Structure formats: C-alpha cells, structure tokens
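Topology and contacts: notes
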Amino acid sequence: MYKKIANRLCLILRPATVLLLLMVMVSVAEAVDFCSEADSFLRGMPKGLQERQTRAIEDAIEGDVSNLAAVRNARNAKPVLPGDVRCDSIGEHAVLFRSEAYRNDTVPLLVYFHGGGWTIGSINSCSRYCGAMAAGGVAVLAVDYRLAPEYPYPNGLDDCRRAVEMASDSLDTWRCRSVSVGGDSSGGNLAIVTAMSMPAGELESLVVFYPVTKAYADGSESWKEYGKGYGLDSRLMEAFNRAYGGGCDNPQVSPAHASDRELQTLPRMMIVGADRDILRDQGREFADRLSRLGEDVDYRLFPGSVHLFITVGGQTAAFDEAVRYSQEFLKKH
C-alpha cells in the first residue's frame, strides 16, 4: 500500500518529503495496530481476573498460598517455540535458549528475568519472548528466581545476581561474546537493580519493558488514569509490592531512589514503555533522569499498548516490535 502511495507522491513532491510523510504514515499505522490489538486484548481478559489474583496474593501474605498456587499454574503453560530453537536446562533454575541456525556463531547473551510482580510468572511465561529472541541470533538465559511472598526481597534478587555471575563465567562454553540483562515489569526491576550491583564494564547493556522503578503507589498521572480496567490494576500492583517488600525508598527495591552515582554505573540501556499502563510515568521519569545524567538510554513508548505484551499473547504488533527492537539493540556492539 505504502509503495503505491509513494509512487504517486513522487510525481508531485521531492523524494525527501515523500520519505518523511511515509515515516509519519507508518508510525500512525503502527500506533493503530498497537491500540486496536490492546483494546481487543482487554476485551478478552477474563472478568474479575485481577481481583482474584489480588486476593490470592493477599491470602498468601497471610500464610495461605493455595489460591496463589493456582494463579501460578495458570501462568505456567509451555508456549510453542520456533522450530530451530533449543532449550537446555542450566542447573535447576535456568534455561538457555539458543537457535540451531546460530550454533557455530558467537552471539550476544541476554540474561532474562520474567515479570509477574515478583510473585507469579515463570520461565514458561517469558519463553515466547526468549524463543523469538533466540531465533534472531541472541542466546537467552531465562532465570527461575524464587518468588514472594514465601521468598521476599532480597531472595529473588540474590538468585538473579548469581545467574548473571554464572553467565559471565560461561561465555566461552556457550559461545557468547557479551552479557546483557533484561526483564519485563518486576523482571525489569530485578534487571536494573542487578545491573547496579555488577562491576562497571561487566555488562554490555540493559533491556527492560515497562519496568517497576518505584515499588509503591507513585500517585502519577498514569497510575491514576489506568489504575483499573487495563493490563495491570493498581490494587494488584500494591499487593505485588507488599508481597515482595516494597512500599519504601530502598533503591534495591525502588531503583528510582538510587543515587546519581549508582545510576551512572549502569550500562547502556533500552527501556520500552506501555502507553496505557500505571507504570508508564515512572518508567519515563527514570529514562529522563538517566538522560540528564548523561547515560546512554534509548527510551520508546508503544502508543496505545497496555501492560503484558511481552508475556501474554494478544498484542502481536507490540510483541513483534519489542523483539525486533531488542534484537537490533543487542547486536549493536
């Protein structure tokens, strides 16, 4: 469609003007895809799902984990992976995704932490993204860190740090050339905090999607506007925060409260935000602060999208763009 339009426009406009107009048109079309798919995704969400998840977490905080176990099982279905992608268990708590098409190549390695509010989610819940990344020539180590409230902060974070240390020691064995860390939502939080604890220069980059940077109700415009009826309800996020150990300004839990010096140790960073998401504003503020500090940060907001496009199917355009963008970012160096 765009090629036909371009041919007609070239008859009356300069080529540079045509290119600019087409870039705007494609961007608008992409936004429409994100928004329409997100609307369809929201209509398909089971009624009362987030309320049930909230109650299950609140019960687990009080010691009854039976309902939370059911929620976890519902998020643990094995996805269909690209046919050339292998999954090899690394110890008991990690899986390495690698494409057979790149088995003789030295590729970048992404250590990935799944989302789920530190309380739900698993390697399976992020395997669709990990498999797609592997199919494009990025090895991915997905980490099965311990979950709250049974294992609150710092247990899961400690697991993530150990996984990165193991990955750094295994580059030659796995035929990888660098280590980056990444994650979505609470996994993005773990990735940022893990990176802050690593020696300068050890990590190549950070790749995070709609990260939690303030583990408490931040009172932002997006928190108020999208607190109910979208991909992540504010009451559910507050339950996640309580289960993990949030509600405070500890930079190991809320990296938005890290010092300038701590943030300046971070490697180059890619942040993708969901537009209609309670976490949108805190992620954008975090990116703005990094930029003011002179850090190398690439921030993008997917217009019209909602939380969960990395781990839950239904927002195909946003998922595909996230994969393409993060593959490109990781292969820059």
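The protein is annotated in an unreviewed UniProt entry as Alpha/beta hydrolase fold-3 domain-containing protein from Muribaculum intestinale.

1. Examining the overall build of the protein
Along the backbone of the protein there are 13 helices and eight strands. On C-alpha atoms alone, the protein measures out to a radius of gyration of 20 Å, which is about the 20 Å that the 2.2 N^0.38 rule sets for 333 residues. By its C-alpha atoms, the protein is 70 × 45 × 45 Å across when sized along the principal axes. Residues counted as buried form 53% of the 333 residues belonging to the protein. Considering only residue pairs separated by 6 or more positions, the protein has 77% of its internal contacts joining residues 24 or more positions apart. As displayed, the protein has an accessible area near 14600 Å², and 51% of this comes from carbon and sulfur atoms. The positive charge centre, built from 36 side chains, and the negative charge centre, built from 43, are 6 Å apart in the protein.

2. Observations regarding the side chain of Arg-280
Locating Arg-280 in the fold gives a position in helix α12 (residues 280–292). With a relative accessible area of 9%, Arg-280 lands in the buried category. A polar side-chain atom of Arg-280 sits 3.3 Å from the main-chain carbonyl oxygen of Asp-275. Sequence-distant contacts of Arg-280, that is, excluding residues within four places in its chain, are made with Glu-221, Ser-222, Tyr-226, Ala-274, Asp-275, Tyr-299 and Leu-301.

3. Topic: helix α3 (residues 49–61)
Each α-helix turn comprises 3.6 residues. Residues three or four places apart therefore point the same way. Under the 1.5 Å per step criterion, the end-to-end length of α3 is 19 Å for 13 residues, consistent within 8% with the ideal 18 Å. Along α3, the residues classified as buried are Gln-50, Gln-53, Thr-54, Ala-56, Ile-57 and Ala-60. One side of α3 carries all its buried residues, which in axial view fall inside an arc of 165 degrees. Packed against the buried residues of α3 are α4 (66–74) and α10 (234–244). Directly beyond the C-terminal end of α3, a positive phi value near 115 degrees is found at Gly-63.

4. Focus: the packing of aromatic side chains
Taken as a whole and judged by the stated rule, the model has eight aromatic pairs. What links up through ring pairs into an aromatic cluster is the set Phe-34, Tyr-210, Phe-302 and Phe-309. The aromatic ring of Phe-329 is capped on one face by Arg-268, whose charged end is 4.3 Å from the ring centroid. Stacked on the ring of Tyr-325, the Lys or Arg Arg-300 has its end atom at 3.8 Å from the ring centre.

5. A word on the pairing of strand β8 (residues 297–306)
In the sheet, strand β7 (residues 268–276) pairs with β8 via seven bridges, with the strands oriented parallel. Within the sheet, the bridge partner assigned to Ile-271 lies in β8 and is Tyr-299. A crossover connection joins β7 to the parallel β8 through α12; in handedness this β-α-β unit is right-handed.

6. Looking at the packing of α3 against α10
Between α3 and α10, the shortest axis-to-axis distance is 9 Å and the interhelical angle comes to 20 degrees. As summarised for this structure, α3 and α10 are arranged roughly parallel, according to the angle between their axes. Between α3 and α10 the crossing geometry is left-handed. For the pair α3 and α10, contact is made by Gln-50, Gln-53, Thr-54, Ile-57, Glu-58 and Ile-61 and by Arg-235, Leu-236, Ala-239, Phe-240, Arg-242 and Ala-243, respectively. Here the residues of the contact of α3 with α10 are counted per class, giving six nonpolar, three polar and three charged.

7. Examining the pattern of salt bridges
Per the counting criterion, the structure on display carries 21 salt bridges. Connected through shared salt-bridge partners, Asp-298, Arg-300, Glu-321, Arg-324 and Glu-328 make up one network.

8. Notes on the UniProt feature "domain: Alpha/beta hydrolase fold-3" (unreviewed entry) in the protein
When the UniProt feature table is mapped onto this chain, "domain: Alpha/beta hydrolase fold-3" (unreviewed entry) is found at residues 110–310. Here residues 110–310 is 38% helix and 21% strand, with 15 Å between the C-alpha atoms at its ends.

9. Here's the deal with the packing of helix α5 (residues 123–135) against helix α13 (residues 316–330)
When two helices pack together, their arrangement is given by the angle between the helix axes and by the axis-to-axis distance. At a minimum axis distance of 10 Å, the contact between α5 and α13 shows a crossing angle of 50 degrees. Relative to α13, the element α5 lies oblique. The two elements α5 and α13 cross, and the hand of that crossing is right-handed. Residues Arg-128, Tyr-129, Ala-132 and Met-133 of α5 lie in contact with α13, whose contacting residues are Phe-319, Val-323, Ser-326, Gln-327 and Leu-330. Here the contact of α5 with α13 is composed, by residue class, of six nonpolar, two polar and one charged.

How each quantity is defined
- Residues numbered from 1 in each chain as written.
- Predicted model: local features only at pLDDT ≥ 70, side-chain atom pairs only at ≥ 80, totals over all residues.
- Heavy atoms only, no water.
- Helix = DSSP H or I, 4+ residues; strand = E, 2+ residues; numbered from the N terminus.
- Rg over C-alpha atoms; globule rule 2.2 N^0.38 Å.
- Buried < 20%, exposed > 50% of the residue type's maximum accessible area, 1.4 Å probe, protein only.
- Contact = heavy atoms within 4.5 Å.
- Areas by Shrake-Rupley, 256 points an atom, 1.4 Å probe, with all protein chains shown as cover.
- Lys, Arg positive; Asp, Glu negative; His and termini not counted.
- Charge placed at Lys NZ, Arg CZ, Asp CG, Glu CD.
- Polar contact = N/O pair within 3.5 Å; in protein donor to acceptor, adjacent residues only side chain to side chain.
- Expected span 1.5 Å × (residues − 1).
- Arc of directions from axis to C-beta.
- Phe/Tyr/Trp six-rings, centres within 6.5 Å; stacked < 30°, edge-to-face > 60°.
- Lys NZ or Arg CZ within 6 Å of the ring centre and 35° of its normal.
- Pairing = 2+ DSSP bridges.
- Right-handed = clockwise from strand over helix to strand, strands pointing away.
- Axes fitted to C-alpha atoms, helices over the stretch in contact; angles between N-to-C directions.
- Parallel < 35°, antiparallel > 145°, perpendicular 65-115°, else oblique.
- Left-handed = near helix turned anticlockwise from the far one by under 90°.
- Nonpolar A, V, L, I, M, F, W, Y, C, P; charged D, E, K, R; others polar.
- Salt bridge = Lys/Arg side-chain N within 4 Å of Asp/Glu carboxyl O.
- UniProt positions renumbered as here; feature names shortened; annotations may be inferred.

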